[in-house]
Amino acid sequence: MSAVVRIYIKEMLSVLRERRVIFTTLILPILLMPILMYGPLLFFGNAARQTQEKVQQVGVQDVPEAALQRLRQAKVEPIPTQSPEADVREQKVQAAVRFQGGTFTIYGRLSGATQSSLVVSKLETALRNYKDELVAQTLRTKGLSTEILEPVQIRTQDASRVQERAAGIFAFLIPYFLVIFILNGGQAVAIDSTAGEKEKGTLEALLAAPVPLSQIVIGKALATLTVALTAALAGVIGIVLGGTVVRGLFAPLLQRQNANIGGGLSLEPWAYGALLATSILFAALMVSVQLSLGVYARSYKEAQSLMAPLLLVFIIPLLMLQFSDFLTQQSWFYLIPAFNVMLLLDGLVKGSAQPWQVTLTWISTLAYAALALGLAVRSFRREDVVFRN
Amino acid sequence: MVETQNLSKRYRHFRAVDALSFRVGAGEVYGLLGPNGAGKTTTLRMLATLLQPSEGTANVAGYDIRQQPLEVRRNLGIVNGGMQVYERLTGREVLRFFASFYGVEGRLFDHRLEWVTHLLRMDDVLDKLVREMSTGMRQKTVIARAILHQPPVLLLDEATAGLDVFARRALLDFVLEYKSLGKSLIYSTHVMSEAEEVCDRVGFINRGKLVYEGTKDDALRLGNGNLERAFIRRLEEAA
């Protein structure tokens, strides 16, 4: 058995005996991801449905009786008021309507996902129907058909790929969490096996053993990589499993909401392989960077503070990923460390990744990972780093 | 077994170890004595190939520390006061892990384990997790890790730091027993009474320089029967 394997086994044994690490990196994502991702969606969807079904009081000022009839039919109870805007602002009612000079003005609190905005859309629909009815009446009195209002039909069809539709609104969140979990999952082990060993006084004994430094670093890197990838896998399982469970358990509710929650992965077999290979390469790069930072730190806490910016560095490109559709993709994007991985993961999940994008990302990330691993070995070789305490 | 020649370590303008030359033979305990910050730990780390000398070199068990670091490590064990072993592993797992790097595996490991647990009187803690062990037992595990491959050279650096009276006694007894096997030991400490008990020869080190070297008996004569007094007198003369 080589020294690399022995060190790997020792590190894994240490991880498996630390319940806190197992719980936070492996179990928590599976349990938490469905609640975090689908919980708010289901809650909001349910609230919206209830708003549609229940009757809400709305303030009205100078609204004609025919329009009031329409509002009542739309499950709204009109309450006369002289100050519609103030009533809404002070939350006496969710929405209000004023009619003046041939214009209906609808008042609502429209910042963010408010119940008021749902009532406003209810009012808009009711008043639009009322307006259409008036138009139709006028046309009829003039002996004209209402069909002249619609000389052509307009139909919208979703032409996105099957993969993109399966992922739904979470298409960008799957790569997002993959990256976050790789970073987060590897961090605890990377710190424990570097700064943690330094702090506890175990590193010197290991370095005094007749083992080349490169083998020590590779052994530690493989253990960190295993945990990082397992954490990422747990996160993705949490999303996909959560999507499946939610679709199964709340099928009638989702049907009523007419909602496509997505959160599914419907990829070609090769794309699953590509997703895994890309994750492995990215994890290899991140793990090497984390080991370099970890061995530089004097203590566990210092290592944590050194690695915290690493997460922030990735947040911005990750958030940009949701606007990737607006980016004119350039081939050099696929050479930018980490960002290339995020773009490729996004493309793979949506089924739009091209072979040249895969090739560029893999080759460049492999090169960066090798460079970072070399840096980690160099850090372990530096006396001023290893004995920096 | 150990021979240093002008061994030096410089950090920018600070000389931590300055042209140290001494020799330790087989079956001998050499006391490297000096106050904190004298350069003892740096010297031992250079001998263990953990630090690269700025100048000079040393031979450990016939291997040059600059040219043959892996061979040196194979023939050496090191223990220092701050050294610990993995607390999430059992004593047996720790020893198996380190022994494997020296080719001590299978039945050979079992035999060595029996030998070391008998020598250090620690057989009842082997299957305990290190984090559940007492400080003394942990220190014994650290020592067992360093000697399981029976290295011809053993470096002990402030090895009794933090130990209670029983564990300290056991360690000093072990030093004498290990020496009796024909091994070379360098015993680095600032506690002169310990050196008086276990060392055959001593070297006084201060500010990186060896200011005195001789047999323990000569050193005791220099201090009228007290090693601490001898050390202070020699330092005053050197100043």
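Each value, and the rule that gives it
- Residues numbered from 1 in each chain as written.
- Chains lettered and ligands numbered in written order.
- Predicted model: local features only at pLDDT ≥ 70, side-chain atom pairs only at ≥ 80, totals over all residues.
- Helix = DSSP H or I, 4+ residues; strand = E, 2+ residues; numbered from the N terminus.
- Rg over C-alpha atoms; globule rule 2.2 N^0.38 Å.
- Buried ≥ 20, exposed ≤ 12 C-beta atoms within 10 Å, placed from the backbone.
- Contact = placed C-beta atoms within 7 Å.
- Axes fitted to C-alpha atoms, helices over the stretch in contact; angles between N-to-C directions.
- Parallel < 35°, antiparallel > 145°, perpendicular 65-115°, else oblique.
- Left-handed = near helix turned anticlockwise from the far one by under 90°.
- Nonpolar A, V, L, I, M, F, W, Y, C, P; charged D, E, K, R; others polar.
- Expected span 1.5 Å × (residues − 1).
- Arc of directions from axis to C-beta.
- Pairing = 2+ DSSP bridges.
- pLDDT = per-residue confidence, 0-100.

## Structural notes on the overall build of chain A
Then step 1. On a plain count of helices and strands, chain A comes out with 16 helices and 4 strands.
Then step 2. Taken over the C-alpha trace, chain A has a radius of gyration of 29 Å; the compact-globule value for 389 residues is 21 Å, which it surpasses by more than 25%.
Then step 3. Dimensions of chain A, computed from C-alpha atoms along their principal axes, come out at roughly 100 × 45 × 35 Å.
Then step 4. For chain A, buried positions account for 40% of its 389 residues.

## Digging into the interface of chain B and chain A
Then step 1. If you look at the interface, chain B gives 21 residues, while chain A gives 18 residues.
Then step 2. Mapped onto the side of chain B that touches chain A, the elements with two or more residues apiece are α2 (69-74) and α3 (91-100) of chain B.

## A short note on the packing of helix α5 (residues 135-147) of chain B against helix α6 (residues 165-179) of chain B
All names here are of chain B.
Then step 1. Following both chains from N to C, one finds α5 and α6 inclined at 20°, their axes separated by 9 Å at the closest point. When the axis of α5 is compared with that of α6, the two are roughly parallel. Here the hand of the crossing between α5 and α6 comes out right-handed. Where α5 approaches α6, its residues Thr 135, Gly 136, Gln 139, Ile 143 and Ile 147 are matched on the opposing element by Phe 166, Ala 167, Phe 174 and Tyr 178.
Then step 2. Residue classes in the contact of α5 with α6 are distributed as 6 nonpolar, 3 polar and no charged.

## Details of helix α9 (residues 227-238) of chain B
All names here are of chain B.
Then step 1. Over its 12 residues, α9 runs 16 Å from end to end, which matches the ideal 16 Å to within 8%, given 1.5 Å per residue.
Then step 2. Burial in α9 covers these residues: Leu 227, Ala 230 and Phe 231. Axial view of α9: buried residues confined to an arc of 100°, hence all on one face.
Then step 3. Residues of α9 that are buried make contact with β4 (28-33), α7 (192-198), β10 (201-206) and α8 (216-222).

## Here's the deal with the sheet that holds β4 of chain B
Residue and element names in this part refer to chain B.
Then step 1. Pairing is mixed in the open sheet, where 6 strands are placed in the order β7-β8-β9-β4-β10-β11. This sheet does not close on itself; its edge strands, each paired only once, are β7 (76-80) and β11 (209-215). With strand direction ignored, the average angle separating the axes of adjacent strands in the sheet is 15°.
Then step 2. Across 5 bridges, strand β8 (residues 153-157) lies against strand β9 (residues 184-189) in parallel orientation.

## Quick word on the confidence of the model for chain B
Residues and elements named next belong to chain B.
Then step 1. Model confidence for chain B is summarised by a mean pLDDT of 93, while 100% of its residues fall at 70 or above.
Then step 2. Here α9 stands out as the least confident element of chain B, with mean pLDDT 87; strand β6 (residues 63-64) is the most confident, with 97.
Then step 3. Both confidence scores are given for the complex: pTM 0.82, ipTM 0.93.

## So, the pairing of strand β3 (residues 95-100) of chain A
Residue and element names in this part refer to chain A.
Then step 1. Relative to β3, strand β1 (residues 56-61) runs parallel, the two being bridged by 4 bridges. Within β3, the residue paired with Gly 59 across the bridge is Ala 96.
Then step 2. Bridge count between β3 and strand β4 (residues 103-108): 6 bridges; the pairing is antiparallel. Looking at the pairing, Ala 96 lines up with Tyr 107 of β4.
Then step 3. The loop that links β3 with its antiparallel partner β4 comprises 2 residues; one of these, Gly 101, has a positive phi angle of about 55°.

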